[in-house]
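As a plain string of letters, each chain reads:
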Amino acid sequence: MSDPRKPNSLLDGRLLKPGRLLLVALLLCALPFYLDAFWLRIGLFSMAAAIGAVGLSLLSGTAGQLSLGHAFFLAVGAYGYVWLAGEPGPGLPPLLAAVLAVLLAGAAGGLFSPVAGRVKGIYLGVATLALVFLGHHVLLTADSVTGGFNGRSVPPLEIGGFTFAESDPGLTVLGVPFGAEERLWYLGLALFALTWFTARGVLRGRPGRALSALRDSETAASVMGVPVARYRSAAFVVSSMYAGLAGVLLALSFRRVVPDYFSLLLSVDYLAMIVIGGLGSVAGATAGAVFVTTLPLLMTRYADQLPLVATPGSGDGSIGPTEAARYLYGAAIVVILLFAPDGLHGLARRTRARLRRRPPGPSSATTETTGNAATTDTSATPASTARAKEHTP
């Protein structure tokens with residue numbers, strides 16, 4: 001017999017998930033009223049990193065294509081926005097410039113997609129690694145576009161007359177002054193929400209199933225009718241567009257872009273994000289991005305209170321906060337690969353499954369025993385027949 005409580009539990013589960021999402025959204029929207037600029041800046045950097053990490057997770061985790069060139073596409077998005085919206089440059093409206101910068105990053109991924117469609121594994125990783133060095137060289141030498149070594153200041157984003165920057169007179173909401181960080185916080189939330197739902201839609205739809213089949217076996221995917229080269233190229237383009245969007249948000253958050261930020265270390269950081277969070281998972285990529293982004297910033301702020309960590313600029317030969325943070329999340333990668341290969345997301349999923357499979361408490365066990373005893377007392381069926389029914393499906 002089916003459990004009469006099961007429909008209610010399913011209904012409760014369907015209602016509980018949107019309720020949790022609404023609660024989280026309200027909490028995130030309320031944070032600018034209580035946090036200072038430092039914590040809001042950390043949140044902005046984390047949201048930008050999460051957008052880029054989701055794109056890399058689709059490429060490497062779902063489609064199974066190793067990429068070490070993610071920093072290149074972030075640079076295309078950041079510098080594309082700065083040049084399109086600034087002077088020297090076309091001086092386009094900032095919103096149009098941001099959209100075109102994302103499309104420009106996708107076009108750069110499209111130009112590289114023939115290589116991604118034919119090369120895989122470590123060979124694709126080496127090919128994308130060349131993009132980072134080539135891009136860094138162009139950023140340093142194309143002074144008229146990138147500003148060279150010193151970089152360029154970032155024009156503020158403006159939508160419908162509302163500027164995502166400090167304004168005079170300042171904006172005050174419920175007695176709280178809203179500066180650049182507070183305004184950009186809500187822009188980052190909107191862009192991250194767009195990334196979250198579109199990426200989950202891709203993973204749960206036909207493209208996600210095709211990319212997963214492609215990752216598991218190209219031969220089997222081809223037999224099932226999946227156009228291998230086209231899907232591999234499309235995954236690279238979509239991942240590049242997510243990286244371009246992350247680059248635009250990073251540029252707006254930093255307010256100045258310099259070539260040295262978009263180096264090989266940034267690509268390695270993004271690989272660490274998706275490995276720590278869990279390959280092929282939107283939530284896992286987000287968790288990994290928050291961890292890798294937040295750790296060095298917190299260690300820099302509290303370096304004077306941490307053992308064996310020198311404050312920035314002290315020059316006493318000790319380990320700096322940035323290097324210490326890299327050691328820590330490098331160790332985290334080793335631990336996760338040994339004990340939780342599916343990352344933080346898989347670890348959380350298994351923990352929830354264990355909690356759901358917990359045996360009933362003493363009270364429920366006593367009630368069940370009492371009910372069975374009562375049934376046995378009032379039944380005229382022999383014990384042997386009762387035991388036989390227990391094995392009957």
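Residues numbered from 1 in each chain as written. Predicted model: local features only at pLDDT ≥ 70, side-chain atom pairs only at ≥ 80, totals over all residues. Heavy atoms only, no water.

Observations regarding the overall build of the chain
When helices and strands are tallied, the chain shows 16 helices and six strands. The buried share of the chain, reckoned over its 393 residues, is 41%. Surface summary for the chain: the accessible area is close to 21400 Å², and the carbon and sulfur share equals 67%. (Helix = DSSP H or I, 4+ residues; strand = E, 2+ residues; numbered from the N terminus. Buried < 20%, exposed > 50% of the residue type's maximum accessible area, 1.4 Å probe, protein only. Areas by Shrake-Rupley, 256 points an atom, 1.4 Å probe, with all protein chains shown as cover.)

Some details on a positive patch on the surface
On the surface, a cluster of positive charge is contributed by Lys17, Arg20, Arg204, Arg352 and Arg356. Breaking the positive patch down by element, the ones donating at least two residues are α1 (6-30) and α14 (343-356). Within the secondary structure layout, Arg20 lies in helix α1. What makes Arg20 partly exposed here is its relative accessible area of 47%. (Patch = residues over 30% accessible without salt bridge, like charges linked within 9 Å, V, L, I, M, F, W, Y side chains within 5 Å. Salt bridge = Lys/Arg side-chain N within 4 Å of Asp/Glu carboxyl O. Lys, Arg positive; Asp, Glu negative; His and termini not counted. Charge placed at Lys NZ, Arg CZ, Asp CG, Glu CD.)

Quick word on the side chain of Arg183
Tracing the backbone shows Arg183 in helix α7 (residues 180-204). Within the structure, the side chain of Arg183 is placed 2.8 Å from the backbone oxygen of Thr163, a separation counted as a polar contact. (Polar contact = N/O pair within 3.5 Å; in protein donor to acceptor, adjacent residues only side chain to side chain.)

Looking at the pattern of salt bridges
Side-chain pairs of opposite charge can arise where the charged atoms are in close proximity. For the structure on display, the rule yields seven salt bridges. With its nearest N and O atoms 3.3 Å apart, the salt bridge here joins Arg41 to Glu181. Of the two residues, Arg41 sits in helix α2 (residues 37-62) while Glu181 sits in helix α7, which places them 140 residues apart along the sequence. Judged by its relative accessible area of 7%, Glu181 falls in the buried class. Asp342 is the salt-bridge partner of Arg349, the closest N and O atoms lying 3.6 Å from each other. For Arg349, a relative accessible area of 42% translates into the label partly exposed. Accessibility expressed as a relative area gives 28% for Asp342, which makes it partly exposed. It is possible to trace a salt-bridge network through shared partners that takes in Arg41, Glu181 and Arg255.

A few points about the nonpolar core
Ranked by size, the top nonpolar core spans 90 residues in total, and within it Ile51, Leu74, Tyr81, Leu252, Val257, Phe262 and Tyr270 carry the most contacts. Residue contacts for Tyr270: discarding those within four places in its chain leaves Ala48, Ala49, Gly52, Ala53, Leu56, His70, Leu74 and Leu250. (Core = buried A, V, L, I, M, F, W, Y, C linked by side-chain atoms within 4.5 Å. Contact = heavy atoms within 4.5 Å.)

A few points about the packing of aromatic side chains
Note on aromatic pairs: each is described by the distance of the centres and the angle between the planes. For the structure shown, the criterion picks out twelve aromatic pairs. With 5.2 Å between their ring centres and 35° between their planes, Phe112 and Phe236 make a pair best called tilted. Here Phe112, found in helix α4 (residues 94-118), pairs with Phe236, found in helix α10 (residues 228-254); they are 124 residues apart in sequence, far enough to count as distant. What makes Phe236 buried here is its relative accessible area of 1%. The interplanar angle of 85° and the centroid separation of 5.2 Å between the aromatic rings of Phe162 and Phe164 together place this pair among those described as edge-to-face. Accessibility expressed as a relative area gives 13% for Phe164, which makes it buried. Put simply, the rings of Phe45, Tyr79, Phe254, Tyr261 and Phe262 pair up and form one aromatic cluster. Over the ring of Phe38 we find Arg301, and its NZ or CZ is 4.1 Å from the ring centre. (Phe/Tyr/Trp six-rings, centres within 6.5 Å; stacked < 30°, edge-to-face > 60°. Lys NZ or Arg CZ within 6 Å of the ring centre and 35° of its normal.)

Here's the deal with helix α13 (residues 321-339)
Helix length check: α13, at 19 residues, gives a terminal C-alpha distance of 27 Å against a target of 27 Å (1.5 Å per residue), a fit within 8%. Buried within α13 we find Pro321, Ala324, Ala325, Tyr329, Ala332 and Ile336. Take α13 and look down its axis: the buried residues cluster within an arc of 125°, on one side only. Residues of α13 that are exposed and angled more than 90 degrees away from the buried face: Tyr327, Leu337 and Leu338. Tucked into the core, α13 has its buried residues touching α11 (264-277), α12 (282-301) and α14. (Expected span 1.5 Å × (residues − 1). Arc of directions from axis to C-beta.)

Focus: the layout of surface pockets
Put simply, the largest pocket is a space of about 1600 Å³. Around the largest pocket, the lining comprises 42 residues; the ones closest to its centre are Leu21, Val24, Phe192, Trp196 and Ala283. Elements that contribute at least two residues to the lining of the largest pocket include exactly α1, α2, α7, α8 (206-216), α12 and α14. Taken as a whole, the second largest pocket spans an internal volume of roughly 520 Å³. In this structure, the second largest pocket is lined by 23 residues; those nearest its centre are Tyr261, Asp269, Thr293, Pro296 and Arg326. Put simply, the parts of the chain that give the lining of the second largest pocket at least two residues each are α2, α10, α11, α12 and α13. At six residues, the largest contribution of residues to the lining of the second largest pocket is made by α12. (1 Å grid on protein atoms, 1.4 Å probe; cavity = no way out; pocket = protein on both sides within 12 Å on 5 of 7 lines; lining within 4 Å. Points joined across faces, edges and corners; volume = space filled by probe spheres on them.)

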